[in-house]
Amino acid sequence: MHQEDRPQEETLREFQGALKTLLKNGGKTYRELAADLQYSKSAVSNWLNSPQLLALEECKRIVEYCGGSVEQWETHWRSVKRALNGSKNEKSTCPYRGFAPYTEEDRPFFYGRSNLIEEAVESIHENRLLIISGPTGAGKTSLLRAGILARISTEHTSQGRWPHVLVTPSGRPMDRLAEKLARIYKKSVSDVTKALTGSPEGMRDFLGEVALDGIGGTQLLLAVDQWEEIYTSCEEGDRQHFVESLRLAMQCEIPRIKVVAVVQSHYRRRGQEDFKELLGGIRALTVHYMTSSEIDRAIKLPAAALGANWEECLINSIKSHVRKWPGSLPWFLSVLEEEWIRRGVERDMSDFCCHEAEILAKRKVFEAADIAYGGLTEKKSRFVLREILGKMSTHCKGHGWSDEKIFRQVSELPVKKAAAVEEFAKARLITIDGHYIEMGHQALIDWDPLRAWNQKHRRR
């Protein structure tokens, strides 16, 4: 039986009994607890025996005093709170996605990019190819999915419905594309794969045939996310076949094919080279890190849509961090997501302060760095510390950022070393923007392996 399905009184008694057990196992009495935490003995007794649930702050202080896990007990407390409020049947929808991209279904909670969405949709109408580039962690995928594709899916042009296909190349882009096209046109995957992989003309011919059969309309938007994978994950033959298939398909009139390619900024030039033979009909759009006003909307409006508000000082603190460290926003959004989920259907966020958010973000950075670093070989890990993180940290003044950045073209690094850098970028620990590489969050400066390396380096 789930906790919320138990009688409320039983749920409360079990929680209070567990707290008493924690206190007893810690070798403490009510009197000692009251004296050490400067509470009255009657107040402590009331918290642990009253028909009312004690406040979260008191619960956390007691647990910390007894050496328990504050996080686990807070989750337990919130579960009991929901049960006592009779909210077991109310669905708690989190409006934040943390590190995960927003999808088309998340459109009601996607804010802060309205101008970019309008510009992108207009460019798609006027051009055959739109290349969207930007630094890692700037929100390109969310813009594509929750912004552009969600908007396009609601449009009906003079040519009727505008279907779209979203693919991520991976190692075999034509296979991924065949799977999506088979779903849209209700064909077998094996038949579509055979048609597309036979020759670069295969996709053009296949789409022309289904259009003539009256299937799927006379236009199609093909969105390719993480375009850089055709350079990092594909064999050269597969890459050329994929690019040539798209180029030939975009020259068709029926169906009229539009392509949106989302790529990291340091691969943008290669992406433009792939389609230079189109001779026009290409538009490039750059996604920058969010401005202060965009961050305001991205944090406030999703919560407001569900009847909640964050403290203004918390939002100002996040904006202050992001101004210095543009790649840090996803870390804070992850913290907000975690906090929202932990509170369940509770909508009072006024007691979640900026200091607590900073501590949680820092902990997340350390955990992610340990995982990413632990997955590297010894040679790669030394390179990351010496050539990337070490040089960055020597440019930092205390806990702020100097105007200097690391100038290094990732795409021109040796393959193995570039892979090490990409791993840290995927973990949001560093950001890559063209020739620039920066730390994703200032907390990385205090990460133990980097501190040890810096101390050893300064002694030389």
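Note that the coordinates shown come from a computational prediction; the quantities given were computed from them, not determined experimentally.

J.: Talk me through the overall build of the protein chain; I want residue IDs and the actual numbers.
T.: When its secondary structure is counted, the protein chain shows 20 helices and 14 strands. Counting across all 460 residues of the protein chain, residues that qualify as buried make up 50%. For the protein chain, long-range pairs separated by at least 24 residues make up 74% of all intrachain contacts whose partners lie at least 6 apart in sequence. Accessible surface computed for the protein chain: about 22300 Å², of which carbon and sulfur atoms make up 47%.

J.: Now, about the packing of helix α2 (residues 30-37) against helix α4 (residues 56-66): what can you tell me, with residues and values included?
T.: Working note: a packed helix pair is described by the angle between its axes plus the distance between those axes. Closest axis-to-axis distance for the α2/α4 pair is 11 Å, and the angle between their directions is 110°. The orientation of α2 with respect to α4, classified from their angle, is roughly perpendicular. For the pair α2 and α4, contact is made by E32, L33, D36 and L37 and by R61, I62 and Y65, respectively. When grouped by side-chain class, the residues that make up the contact of α2 with α4 number 4 nonpolar, no polar and 3 charged.

J.: Tell me what's going on with helix α17 (residues 354-374), and back it up with residues and numbers.
T.: For α17, which comprises 21 residues, the first-to-last C-alpha distance of 30 Å matches the rise-based estimate of 30 Å (1.5 Å per residue) to within 8%. Along α17, the positions that sit buried rather than exposed are A357, L360, A361, K364, V365, A368, A369 and A372.

J.: Tell me about the side chain of T431, residues and numbers included.
T.: Within the element layout of this structure, T431 appears in strand β13 (residues 430-433). Residues in contact with T431, not counting those within four places in the same chain, are T136, Y289, G327, Y436, I437, E438, M439 and G440.

J.: Report on the sheet that holds strand β5 (residues 219-224), specifying residues and quantitative values.
T.: The 5 strands are arranged β4-β5-β6-β1-β7 in an open sheet whose pairing can be described as parallel. One side of each edge strand has no neighbouring strand; the edge strands of this open sheet are β4 (164-167) and β7 (282-286). Sheet twist, expressed as the average angle between the axes of neighbouring strands with direction ignored, equals 15°. Strands β1 (129-134), β5, β6 (256-264) and β7 of the sheet are contacted by helix α6 (residues 114-126), whose axis makes an angle of about 170° with β7. The strands touched by helix α7 (residues 140-152) are β1, β4, β5 and β6; relative to β6, the strand with the most contacts, the crossing angle is about 160°.

J.: Give a detailed account of empty space enclosed by the protein, specifying residues and quantitative values.
T.: Per the counting criterion, the structure on display carries 2 cavities of 30 Å³ or more. Within this model, the second largest cavity holds a volume of roughly 30 Å³. As for the second largest cavity, its lining consists of L177, L181, M203, L207, L220, L222 and I257. Breaking the lining of the second largest cavity down by element, the ones donating at least two residues are α8 (173-185), α10 (201-212) and β5. Here the residues of the lining of the second largest cavity sort into 7 nonpolar, no polar and no charged.

J.: Let's hear about the packing of aromatic side chains: which residues, and what values?
T.: All told, the structure shown has 13 aromatic pairs when counted by the stated rule. Seen from their ring centres, Y185 and F206 are 6.0 Å apart, and the 75° between their planes marks the pair as edge-to-face. Of the two residues, Y185 is situated in helix α8 and F206 in helix α10; the sequence distance between them amounts to 21 residues. Per residue, the accessibility class of Y185 equals that of F206, and both read buried.

Cut-offs applied
Residues numbered from 1 in each chain as written. Predicted model: local features only at pLDDT ≥ 70, side-chain atom pairs only at ≥ 80, totals over all residues. Heavy atoms only, no water. Helix = DSSP H or I, 4+ residues; strand = E, 2+ residues; numbered from the N terminus. Buried < 20%, exposed > 50% of the residue type's maximum accessible area, 1.4 Å probe, protein only. Contact = heavy atoms within 4.5 Å. Areas by Shrake-Rupley, 256 points an atom, 1.4 Å probe, with all protein chains shown as cover. Axes fitted to C-alpha atoms, helices over the stretch in contact; angles between N-to-C directions. Parallel < 35°, antiparallel > 145°, perpendicular 65-115°, else oblique. Nonpolar A, V, L, I, M, F, W, Y, C, P; charged D, E, K, R; others polar. Expected span 1.5 Å × (residues − 1). Pairing = 2+ DSSP bridges. 1 Å grid on protein atoms, 1.4 Å probe; cavity = no way out; pocket = protein on both sides within 12 Å on 5 of 7 lines; lining within 4 Å. Points joined across faces, edges and corners; volume = space filled by probe spheres on them. Phe/Tyr/Trp six-rings, centres within 6.5 Å; stacked < 30°, edge-to-face > 60°.

Purely geometric stuff here, so don't read any function into it on its own.
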